[in-house]
Amino acid sequence: MKKFTKDEIAKDVKGTSVDQKSGEAASNVRLNQESTETVANTEPSQEGTETTVNAELSQEKTETAVNAELSQESTEMAVNAEPSQKGTETVTNAELNQKGTETAANTESKQEGTETTDNAKPNQEDLEADNREKQELNKGVDGSSDGIQKADDGQNEISEEGKVVKKRRKKGRIVAVLLVMIFVIALAFAYGRGVYYYKRSFFPQLEVNGVSCGNMSLQEAADKIQQWYADNYSLKLLDREGEEIMEVLPSDVQMVFPVEEELSKILEGQNAYKWFIYVFSEEGETREIVISPQYDMAKLQRLLEQRGLFDVSRGEAPQDAYISEYQEELKQFVIVPEREGTVLEQEITIACAAEALIGMQDSLDLYEAGCFKTAEITADNEQLKKRLEALNRVVGTCITYDWNGTQEILDGELIHQWMVLDGEEITLDEEQVAAYVAQMAKEYDTYGKKRKFVTTSGLTLTLPSGAYGWKTNRSAETEALIELILAGAVTEREPIYTSEGWVKGEDDIGDSYVEINLTDQHLYLYIDGEMVLETDFVSGNAANGNSTPAGVFGLTYKTRNAVLRGPDYETPVSYWMPFNGNIGMHDATWRRSFGGDIYLTNGSHGCINLPLKMAKTIYEYMSTGFPVICYYY
């Protein structure tokens, strides 16, 4: 019978246990334990009788032979199938059971006639040899277990490295967030500094009267502008031929140019919160301001005297001048000049020079200014000039009226007819002025006139004016007009009204109004022609004579949290909007329902009772004068 050598067993074990790694090693350990138990059972049999040993071995071999047949089938399955722990156990059992089969065969031949003692010894030696080989195999399995442990250690190392990488990534994100926060803080700080700076300094590209004032404080800009005018401004005095007689410099008359007030208005008008737009803009900003210089009048007079402008030895005798009639083509009075003289009138010349300095003129033509001396009365005579100025101031009046949307121009063409000359005094005929105002009011006032109104439902109604429309205060406007004419005003103006419409023109209601349908107890709010709200309401109690009047009205005012008081009531409301005396719109939180015919027997004292939410919305849209149209149909 064939015996398995050590090399064959080792080869078989290597082919299965090593390839199956840790799972197969565990199976070999269990098999070795079973082999050890077999050897232990065999050794006690040697100490007994040979017959007993052979009998016991025969029984074990018989069982092993059965296992060998089953194990061979398992071995074939292990070769063809994928490695598994169960297959590994089967292969290992097959190898060991094959040895047990040989032992069982020896036992059977002994029973046929061979001596029991001779066969027992070789079987014992085979079992010992098998045990040694199995122990060596177990050492190999233990070695495989070490490899598995090492593989586990390698996985642990990878896991530790992954944790390090995650920590580094997390740290990187924290650093990035910190950098962004620092950048945002720095940006906010820079923006705040810019706001602070440009609340006190002008924007970079600003020019005032052609002088660059960018990034300057108010005082710095004022000093620079004043210095610029001090260095660049002068007044040249010209004779009748247009030749320069002399030049007046700011330093000659201690002339200063106060600009702080005008500059402060520009600085206050800056939006410092938008400074970055102007800092990075390439377009400059140009502003013009009016400068009213100040100077020493006495020094101006001394300067002109020192230059010999009033030397009488140079003159010719002139003839007197006079004031002409009103010149319609010029729309003013004029002086018919005297025969020209050659000597300058000291008082007039100084006055003209002073006026030229105040107006910051570059030059002053003394001839055109009437500075040359004439007999007793010249074109430059103060009294004559004053009279001329007074006359021309009156007829120089030009008032452009906006009379309820229509332009009317009043100037000297009509005004000179109202003038009354009494010596040196100039007055106006008040009756003629009042007649002009009354004529304009009659033509353009809308107060008290009936109006056609198209309702939301399409009805065209003719409504009484109520207390709405444009109404001129005739007496007040007459008085104001006289003052303006005598002051020689050149202005645009609206007359004084005692009542105003929401828009100008004959149709002074416009496209924004509150429409109150008292018949249907329903209200509509229109803004720029679009209906933005509609709601039911409760109006005045018809049963007790408190019906709400119809007509066109304007909102008198509006207020919050008012207390409405009457002979028998005192009611607080959140939104109060009167439009016709004590009649107005307000919230009525004590009512649970609105609309219908409630007003017939349970209406208000005349007011329009509204739901709280609707009253709030209407309140937000309305302002003083807002049209309110009430009607029945």
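Preceding this section is the structure that the text describes.
Fair warning: this is a prediction, and the values are worked out from it, not measured in the lab.

Cut-off values and rules
Residues numbered from 1 in each chain as written. Predicted model: local features only at pLDDT ≥ 70, side-chain atom pairs only at ≥ 80, totals over all residues. Heavy atoms only, no water. Core = buried A, V, L, I, M, F, W, Y, C linked by side-chain atoms within 4.5 Å. Buried < 20%, exposed > 50% of the residue type's maximum accessible area, 1.4 Å probe, protein only. Helix = DSSP H or I, 4+ residues; strand = E, 2+ residues; numbered from the N terminus. Contact = heavy atoms within 4.5 Å. Pairing = 2+ DSSP bridges. Axes fitted to C-alpha atoms, helices over the stretch in contact; angles between N-to-C directions. Lys, Arg positive; Asp, Glu negative; His and termini not counted. Salt bridge = Lys/Arg side-chain N within 4 Å of Asp/Glu carboxyl O. Polar contact = N/O pair within 3.5 Å; in protein donor to acceptor, adjacent residues only side chain to side chain. Expected span 1.5 Å × (residues − 1).

Draft legend 1. Quick look at the nonpolar core. Counting residues in hydrophobic clusters, the biggest one holds 44 residues, and the most contacted among them are Ile 225, Leu 237, Val 248, Leu 263, Leu 300, Leu 304 and Leu 364. Looking at this core, the elements that each hand over two or more residues are strand S1 (206–208), helix H6 (218–232), strand S3 (235–238), strand S4 (244–248), helix H7 (260–269), helix H9 (297–306) and helix H10 (346–358). With sequence-adjacent residues up to four places away left out, Leu 263 is seen in contact with Phe 202, Val 208, Leu 218, Ala 221, Ala 222, Ile 225 and Ile 289. Among the nonpolar cores identified, the runner-up in size contains 31 residues, and Ala 321, Val 433, Val 437 and Leu 481 belong to it.

Draft legend 2. Here's a closer look at the sheet that holds strand S16 (residues 490–493). Reading across from one edge, S10-S9-S16 is the order of the three strands in this open sheet, with mixed pairing throughout. Of all the strands in the sheet, the pair left with one neighbour each is strand S10 (406–410) and S16. Within the sheet, the average angular offset between the axes of one strand and its neighbour, ignoring direction, is 15°. The strands touched by helix H13 (residues 430–444) within the sheet are strand S9 (398–403) and S10, with S9 carrying the most contacts at an inclination of about 30°.

Draft legend 3. Focus on the pairing of S10. Across five bridges, the pairing between S9 and S10 is antiparallel. Bridging from a neighbouring strand, Ile 399 pairs with Leu 410 of S10. The antiparallel hairpin formed by S9 and S10 contains two residues in its connecting segment, where Asn 404 sits at a positive phi of about 50°.

Draft legend 4. Quick peek at the side chain of Asp 239. Along the chain, Asp 239 falls in the loop between S3 and S4. Although Asp 239 is buried, it forms no salt bridge, and the closest oppositely charged side chain is Arg 240 at an N-O distance of 7.7 Å. A distance of 3.0 Å separates the side chain of Asp 239 from the backbone nitrogen of Glu 241, its partner in a polar contact.

Draft legend 5. Representation of H6 within the structure. With 15 residues, H6 should reach 21 Å at 1.5 Å per residue; the first-to-last C-alpha distance of 21 Å fits that figure. Residues of H6 that are buried sit in contact with S1, strand S2 (211–212) and H7.

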